[in-house]
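Working through the structure, step by step
So you can see what is in the structure, the chains are spelled out below.
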Amino acid sequence: MLDVLYFAWVRERIGLPKERVETGAATVAELVAELSARDARYAAAFADISALRVALDQELSDFDAPLAGVREVAFFPPMTGG
Amino acid sequence: MRVVVQSEPFDLGALTAGFAAGRSDMGAVVSFTGIVRDTDGRLDRMEIEHYPGMTERAIATIAEEAQARWSLGDVLVIHRHGTLRPGELIMMVATCSPHRGDAFAAAEFLMDYLKSRAPFWKKELTADGAAWVAAKPEDEDALSRWTR
């Protein structure tokens, strides 16, 4: 089981901030493919991966990264701090 | 090092005055303050979202990197989230060092990395509606000057 978190417009498009996901996905990209296939909201949020960033257990990562041992995955747009 | 993520306003004067107080080995304090800017008079408010947990970790990592690169006596980072009006203070960084060069460089480094590596997202609300602030390519480019 993974905790999957969404922030900013990713959260708005999907319509929720957080959910638990039962998945056999081996990589972030596989998880994205699974989520995108759910419905139009997910498909819209993940339509352009280049516009997204991903963090695994609160560390920035990339879409090729394996999910083995990961407990928390977060998807969000490029950050705008400062 | 002190990293604070909060929704409440902060007292810039008191924090700046208290930073490095009593450290007579520090010859230089540099501080930067970020303010909610209303470029064309249309901004009603800004809403800043963040990733609790990751935010504090990411900022601490950036501050540790600054301390490893430069001779710093201390680092302070305060960043707000939630609803902010034009003119309100969003964040501040302060650095102190025996000499000004390190304090200036470290403050700039912290700001460059906070912009695009700390998980905050800004949304601007105007009379026309709401829009997420997009990250600028320059913000990412700014990091390249620190890579070695």
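Above: the structure in question.
Residues numbered from 1 in each chain as written. Chains lettered and ligands numbered in written order. Predicted model: local features only at pLDDT ≥ 70, side-chain atom pairs only at ≥ 80, totals over all residues. Heavy atoms only, no water.

Thoughts on the layout of surface pockets
Looking at the largest pocket, its volume works out to about 600 Å³. Lining the largest pocket are 27 residues, with G82(A), R37(B), K115(B), K122(B) and K136(B) positioned closest to its centre. Elements that contribute at least two residues to the lining of the largest pocket include exactly β2 (28–35), β3 (43–50), α3 (100–117), β7 (120–126) and α4 (137–144) of chain B. Its residues assigned to classes, the lining of the largest pocket comprises eleven nonpolar, six polar and ten charged. Taken as a whole, the second largest pocket encloses approximately 230 Å³ of empty space. (1 Å grid on protein atoms, 1.4 Å probe; cavity = no way out; pocket = protein on both sides within 12 Å on 5 of 7 lines; lining within 4 Å. Points joined across faces, edges and corners; volume = space filled by probe spheres on them. Helix = DSSP H or I, 4+ residues; strand = E, 2+ residues; numbered from the N terminus. Nonpolar A, V, L, I, M, F, W, Y, C, P; charged D, E, K, R; others polar.)

Some thoughts on the interface of chain A and chain B
Listed per partner, the contact involves 21 residues of chain A and 25 residues of chain B. At the surface where chain A touches chain B, the tally comes to three salt bridges. Residue R11(A) pairs with E49(B) through a salt bridge whose shortest N-O separation is 2.6 Å. The interface formed by chain A and chain B holds 14 residue pairs in polar contact (both at pLDDT 80 or more) in total. Of all the secondary-structure elements, those providing two or more residues to the side of chain A that touches chain B are β1 (2–6), α1 (8–14), β4 (59–61) and β5 (72–76) of chain A. At four residues, α1(A) tops the list of elements feeding residues into the side of chain A that touches chain B. (Contact = heavy atoms within 4.5 Å. Salt bridge = Lys/Arg side-chain N within 4 Å of Asp/Glu carboxyl O. Polar contact = N/O pair within 3.5 Å; in protein donor to acceptor, adjacent residues only side chain to side chain.)

Description of the sheet that holds β5(A)
All names here are of chain A. With mixed pairing, the five strands of this open sheet are ordered in space as β2-β1-β5-β3-β4. Unpaired on one side and paired on the other, β2 (18–21) and β4 mark the two borders of the sheet. Across the sheet, the axes of successive neighbouring strands diverge by a mean angle of 30°, strand direction being ignored. The pairing of strand β3 (residues 53–56) with β4 spans three bridges and is antiparallel. Paired with V54 across the strands is S61, a residue of β4. Along the sheet, helix α2 (residues 28–36) contacts β1, β2, β3 and β5; its crossing angle with β5, the most-contacted strand, is approximately 70°. (Pairing = 2+ DSSP bridges. Axes fitted to C-alpha atoms, helices over the stretch in contact; angles between N-to-C directions.)

Quick look at the environment of G53(B)
Residues and elements named next belong to chain B. Relative to the assigned elements, G53 resides in the loop between β3 and α2 (54–69). By relative accessible area, which is 27% here, G53 ends up partly exposed. Measuring from C-alpha to C-alpha, the distance between G53 and P119 comes to 9.8 Å, with 66 residues separating the pair along the chain. (Buried < 20%, exposed > 50% of the residue type's maximum accessible area, 1.4 Å probe, protein only.)

With respect to the pattern of salt bridges
All names here are of chain B. Under the criterion given, the structure shown has 16 salt bridges over all chains. Here D44 makes a salt bridge to R45, at a shortest N to O gap of 2.8 Å. Overall, the relative accessible area of 35% leaves D44 in the partly exposed class. With a relative accessible area of 24%, R45 lands in the partly exposed category. As a salt-bridge pair, R85 and D44 come within 3.2 Å of each other at their nearest N and O atoms. Pair noted here: R85 is in the loop between β5 (82–84) and β6 (89–97) and D44 is in strand β3, with a separation of 41 residues, a long-range link.

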